[in-house]
Amino acid sequence: MFFFLYTLQLFHHLHAKAENTLCRMMGDPKYPLLSKDGDILIGGIFPVHSKETLPSFEFTQKPHPLSCSGVTLRDFRMAQILTFAIEEINKSKTLLPNVSIGYKIFDSCGSRLSSMSAIMALMNNQEFAAEHKCNGQTPIHAIIGETESSVTVILSRTTGPFKIPVISHSSSCECLGNKKDYPFFFRTIASDYHQSRALAILVKHLGWTWVGAVNSDNDYGNNGMTIFLNAAQEEGICVEYSVKFHRTEPDKLQKVVNIMKNGTAKVIVAFAGLVEMELLVEQLCFQNITGLQIIGVVGWITSKNLFTPNTFHLMGGSLGFALRQIYIDGFLDYVNRSFWETAFPCSQRDGQSSQYNLKCSKYQELLGLRNYNEDVPEHRHSSNVYKAVYAVAYALHSLLRCKEQEGCAKALTIQPQQVVEALKKINFTTKFGDCVWFDNTGSTVTQYEVGNWQQDSDGLFHFKAVGYYDASLPPDQRFVLNTEKIIWAGGQLQKPRSVCSESCPPGTRKAVQKGRPVCCYDCIPCADGEISNETDSNNCMQCPGEFWSNAEKNKCVLKAVEFLSFTEIMGIVLVFFSLFGVGITVLVTCLFYSKKDTPIVKANNSELSFLLLFSLTLCFLCSLTFIGRPTEWSCMLRHTAFGITFVLCISCVLGKTIVVLMAFKATLPGSNVMKWFGPVQQRLSVLAFTLIQVLICVLWLTISPPFPFENMNHYKEKIIFECNLGSTIGFSAVLGYIGLLALMCFILAFLARKLPDNFNEAKFITFSMLIFCAVWVTFIPSYVSSAGKLTVAVEIFAILASSFGLLFCLFAPKCYIILFKPQQNTKAHLMAKTQKSY
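Right, let's walk through the structure included here.

Criteria and cut-off values
Residues numbered from 1 in each chain as written. Predicted model: local features only at pLDDT ≥ 70, side-chain atom pairs only at ≥ 80, totals over all residues. Heavy atoms only, no water. 1 Å grid on protein atoms, 1.4 Å probe; cavity = no way out; pocket = protein on both sides within 12 Å on 5 of 7 lines; lining within 4 Å. Points joined across faces, edges and corners; volume = space filled by probe spheres on them. Helix = DSSP H or I, 4+ residues; strand = E, 2+ residues; numbered from the N terminus. Nonpolar A, V, L, I, M, F, W, Y, C, P; charged D, E, K, R; others polar. Patch = residues over 30% accessible without salt bridge, like charges linked within 9 Å, V, L, I, M, F, W, Y side chains within 5 Å. Areas by Shrake-Rupley, 256 points an atom, 1.4 Å probe, with all protein chains shown as cover. Salt bridge = Lys/Arg side-chain N within 4 Å of Asp/Glu carboxyl O. Core = buried A, V, L, I, M, F, W, Y, C linked by side-chain atoms within 4.5 Å. Buried < 20%, exposed > 50% of the residue type's maximum accessible area, 1.4 Å probe, protein only. Contact = heavy atoms within 4.5 Å. Disulfide = S-S within 2.5 Å. Expected span 1.5 Å × (residues − 1). Axes fitted to C-alpha atoms, helices over the stretch in contact; angles between N-to-C directions. Parallel < 35°, antiparallel > 145°, perpendicular 65-115°, else oblique. Pairing = 2+ DSSP bridges. Phe/Tyr/Trp six-rings, centres within 6.5 Å; stacked < 30°, edge-to-face > 60°. Left-handed = near helix turned anticlockwise from the far one by under 90°.

One simple way to see leftover space: roll a probe sized like a water molecule over the atoms. What the rule picks out here adds up to two cavities of 30 Å³ or more. Considered as a void within the structure, the largest cavity measures approximately 50 Å³ in volume. Taken together, 13 residues line the largest cavity, and the ones lying closest to its centre are F563, L564, P630, F721 and V792. Elements that contribute at least two residues to the lining of the largest cavity include exactly β27 (718–724) and α21 (789–820). A per-element tally of the lining of the largest cavity places β27 first, with three residues. A breakdown of the residues in the lining of the largest cavity according to their chemical character gives seven nonpolar, two polar and four charged. By volume, the second largest cavity amounts to about 40 Å³. For the lining of the second largest cavity, the class distribution of residues is two nonpolar, four polar and two charged.

Turning next to a nonpolar patch on the surface. Judged by side-chain polarity, I569, V573, F576, F577 and F580 come together as a nonpolar surface patch covering roughly 510 Å² of accessible area. Within the fold, F576 resides in helix α14 (residues 569–594).

Turning our attention to the nonpolar core. Across soluble globular proteins, nonpolar side chains show a tendency to be buried alongside one another. Ranked by internal contacts, the top residues of the largest apolar core, which has 66 residues, are M260, M277, L280, W300 and F321. Per element, the largest residue contribution to this core is six residues, and it comes from helix α8 (residues 274–286). Contacts of L280, omitting those with residues within four sequence positions, involve V214, F245, L253, V256, V257 and M260. Among the nonpolar cores identified, the runner-up in size contains 65 residues, and V376, V392, A422 and F438 belong to it.

With the rule as written, the count across this model stands at nine disulfides. The disulfide bridge from C68 ends at C109, spanning 1.6 Å between sulfur atoms. Since a negative S-S torsion denotes a left-handed disulfide, the C68-C109 link at about 95° is right-handed. Of this pair, C68 sits in strand β4 (residues 67–71) while C109 is found in the loop between β5 (101–107) and α3 (112–123), placing the two residues 41 residues apart along the sequence. Since its relative accessible area comes to 27%, C68 is described here as partly exposed. Between C526 and C540 runs a disulfide, and the two sulfur atoms are separated by 2.0 Å. Negative torsions about the S-S bond denote left-handed disulfides, and the value of about -80° found for C526 with C540 makes this one left-handed. Residue C526 is located in the loop between β20 (521–525) and β21 (530–531), and its partner C540 is located in the loop between β21 and β22 (541–542); the two are separated by 14 residues in the primary sequence.

Moving on: unusual backbone geometry. Of note, the bond from G145 into E146 is cis; its omega dihedral lies within 30 degrees of zero at -15°. Its location among the elements puts E146 in the loop between β6 (140–144) and α4 (149–159). Even without glycine at this site, K163 takes up a positive phi of about 60°. The phi dihedral of N288 is positive, around 55°, even though this residue is not glycine. When you line up the elements, N288 lands in the loop between α8 and β12 (293–296).

Its volume calculated, the second largest pocket comes out at about 1,300 Å³. As for the second largest pocket, its lining consists of 47 residues, of which T72, R74, D75, L274 and E278 are closest to the centre. Mapped onto the lining of the second largest pocket, the elements with two or more residues apiece are β3 (49–53), α2 (73–91), α4 and α8. Examining the composition of the lining of the second largest pocket, we find that five residues originate from one element, α8, more than from any other. Looking at side-chain class alone, the lining of the second largest pocket contains 13 nonpolar, 21 polar and 13 charged residues.

With that settled, the discussion passes to helix α12 (residues 382–399). With 18 residues, α12 should reach 26 Å at 1.5 Å per residue; the first-to-last C-alpha distance of 26 Å fits that figure. A large share of α12 lies buried, amounting to 16 of its 18 residues. The positive-phi residue at the C-terminal boundary of α12 is R401, with phi of around 55°.

Bringing the packing of α12 against helix α13 (residues 416–423) into the picture now. Taken N-terminus to C-terminus, the directions of α12 and α13 make an angle of 105°; their axes are 9 Å apart at the nearest point. Between α12 and α13, the angle is such that the two are roughly perpendicular. Residues A391, V392, A395, L396 and L399 of α12 touch α13, and the partners they reach there are Q418, V419, A422 and L423. Tallied by class, residues from the contact of α12 with α13 come to eight nonpolar, one polar and no charged.

This brings us to the sheet that holds strand β7 (residues 166–168). Strand-to-strand pairing in sheets goes through backbone hydrogen bonds, with the strands running parallel or antiparallel. An order of β1-β5-β2-β6-β7-β8 is seen for the six strands of this open sheet, with the pairing classed as mixed. The open sheet has two edge strands, β1 (34–36) and β8 (185–187), and neither has a second partner. Mean inter-strand twist for the sheet, computed between neighbouring axes without regard to direction, equals 25°. Relative to β5, strand β2 (residues 40–46) runs parallel, the two sharing seven bridges. By the bridge assignment for β5, G43 is matched with K104.

The strand order β25-β27-β26 describes an open sheet built from three strands, whose pairing is mixed. The open sheet has two edge strands, β25 (560–562) and β26 (707–711), and neither has a second partner. Along the sheet, successive strands turn relative to each other by an average axial angle of 30°, direction set aside.

Here the focus is the packing of aromatic side chains. Inspection of the entire model under this criterion finds 37 aromatic pairs. The interplanar angle of 55° and the centroid separation of 5.1 Å between the aromatic rings of F186 and F438 together place this pair among those described as tilted. Here F438 lies in the loop between β15 (435–436) and β16 (447–455) and F186 lies in strand β8, a separation of 252 residues in the sequence. When sorted by exposure, F186 lands in the same class as F438, which is buried. Between F804 and F808, the ring centres sit 5.9 Å apart and the planes meet at 15°, which makes this aromatic pair stacked. Of this pair, F804 and F808 both sit in helix α21, four residues apart, which is roughly one turn of the helix.

Attention now goes to the pattern of salt bridges. Pairing between side chains of opposite charge can happen when their charged atoms approach one another. By the definition in use, this model includes 19 salt bridges. Taking the shortest distance from any N to any O, the salt bridge between K244 and D217 comes out at 4.0 Å. Of the two residues, K244 sits in strand β10 (residues 238–245) while D217 sits in the loop between β9 (210–216) and α6 (219–234), which places them 27 residues apart along the sequence. A residue is classified by how much of its surface remains accessible, and D217, at 22% relative accessible area, is partly exposed. Salt bridges sharing common partners tie together E148, R247 and E276.

To continue, consider the packing of α2 against α12. In contact at an axis separation of 9 Å, α2 and α12 are set at 40° when each is read in the N-to-C sense. Of the possible angle classes, the one that applies to α2 and α12 is oblique. Crossing hand, α2 versus α12: right-handed. Taken together, the residues of α12 that come into contact with α2 (itself represented by M78, I81, L82, F84, A85, I86, E88 and I89) are S382, V385, Y386, V389, Y390 and A393. Class assignment for the residues of the contact of α2 with α12 results in 12 nonpolar, one polar and one charged.

Below, the structure written as structure tokens:
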């Protein structure tokens, strides 16, 4: 307890001592480059010079102040526009009417060391309060700067604890939009989030899917490139390489140049600062690398230093996003005269020192720009500095409760944090028509101009507007690009191609190459039955059931319908043989009819012979029902007609076989068997056998008849239009019954083959049945193994072959005797062998 009380008393003593501490300056103060007193002070930090010379740190004497050289014209103009805007406000009778604004502008020399020194100088007052005590208040109400995002990060983090608002005119890093880390940061330029995504949209719009990426190794480049790479992936753009370097890393720069030189990508997205881009272009030109289409960003695309006669073979045709070019009325006149007379501290003719006793030597480089003004209209960041100054002025106008007639309440003490809150609420329109307000990230509206570096007929280089990107518009209206106005890399009129693999035409699909980005692929033809009807299709689509892919695999067409038609060669041949069979049968019938009274015709029941010829004619004709497009009626007719006509035919042959057997038995003494199988019984037997088949067919047609069917399973590329049997059992019953009759006929004929007779018809019946059975036994496996119209052709062939077999085997011998051996066509000759045997 005693220790706690002692510690508490010690802290109280130290705090009281600190409050009474006298303020004194340690070291030499850092004086601003430009300054002016006023009721309210605005700070400014710009890298007016680009090179910093460090003093010798030998610790034997007091180091000399840092010296800067190499004027950065763009940032010098930023300092000038700041002073111009303040002078304009001070003259205004409506904005802060009775309040004067002063400024302190420091030169950061493009160095973080000098930047930190400038920040500390801005936050600390050089003059102390009464009795030399620190008052704890900063004289600055807002700071405008810095140019680079990385330095602005340092600036914001340093001033953040003191709640001083920082408004940047060109620090566009997305990281600065994080209000948790940078709650007092604002900017009059859009966040790189939009620029990076717009870059991906531009590349995609121009059809480039294979790009290289280079960026500065700092907050600006790293954050911007990260957003671009993510957006590029969403847009289907592949990045061959993504490399980075810092201005202080020449070895890394050399590696970057070598990668670009050996890469296959013809389009390079360069998300870099101006200094890094100058170093990169210098090396690329030194190695004479050409043919690259450079895509740039706000940080460097409008810099004329990069586009000279020595670099244009590389940089000519570069495309990129830039801030809109805005003309600020009165600024050119101010730069030409007023600035040097009123704001510049060392323009007296007598060469006297400034109000801070600085020597004029450090202003000599700037004095050399006194009569140069050609670049003034080209600087696009000027309007952003102008907006930043007016944003602070409007915030102060609100805080000081200014009224046009009564003026402002100057007695009010304004804290920097109050300015921060007021900045969040401002909304005003500049004299050149731009509306200024800050969103929840502290940024302004995104508006970019798409420009293209071109060379005119006089040999001069110009940044020509060819489109725009405006994030405030609807998504389909944000990006506009006029490609007809673009001059491409190397001054070419034809847009360069930059793809890892050429586009896959319709009829193919993309197959990504293993281990490579998705933009590197092979074009694989679609499989049969699949199509792709667009370029660069990832997958092929399966055609619907009744459709098939065409030869190019880019369209689904109706499948070819296959059936045995009368017009094709196979159909014509089969029709020919069918009609040929009919013709032969008719001729045989005519011959038999003309010789109907001769013994050879009358032998073995001529009535059955004529009925057999009639049935054979029907057999030949029924084969025609199998040809042509299947219909419901033709499907039912073809199988039933085939079954019935063949049963009729076999029944007649069976009847003739039985007659042969009965006739032989009748020649035996005491036999009267023929009275049991006379003509009437023969007719009835044929009728009975046929009626059984008719009954089978009727049952088949009633229960499950054949029907036309589109078979899409056997062949994928075509439809077989065929007759479905309906009932396999019904068809089997029809064939089985024919086979049963044929087998009976064959057995009986075989038994009667050696009966004594000069003309024993049983031999020919046996042979005909042998052919018939052989044909239909071979038909079964052929029918099963065939498909489409070949199945029908096999069935027709079996019908015709068996019909011709019956016709020739049964009637050819008789016709031969009738026509060429008429002497044997006698009863005596036919009975001779029989009588001799007995």
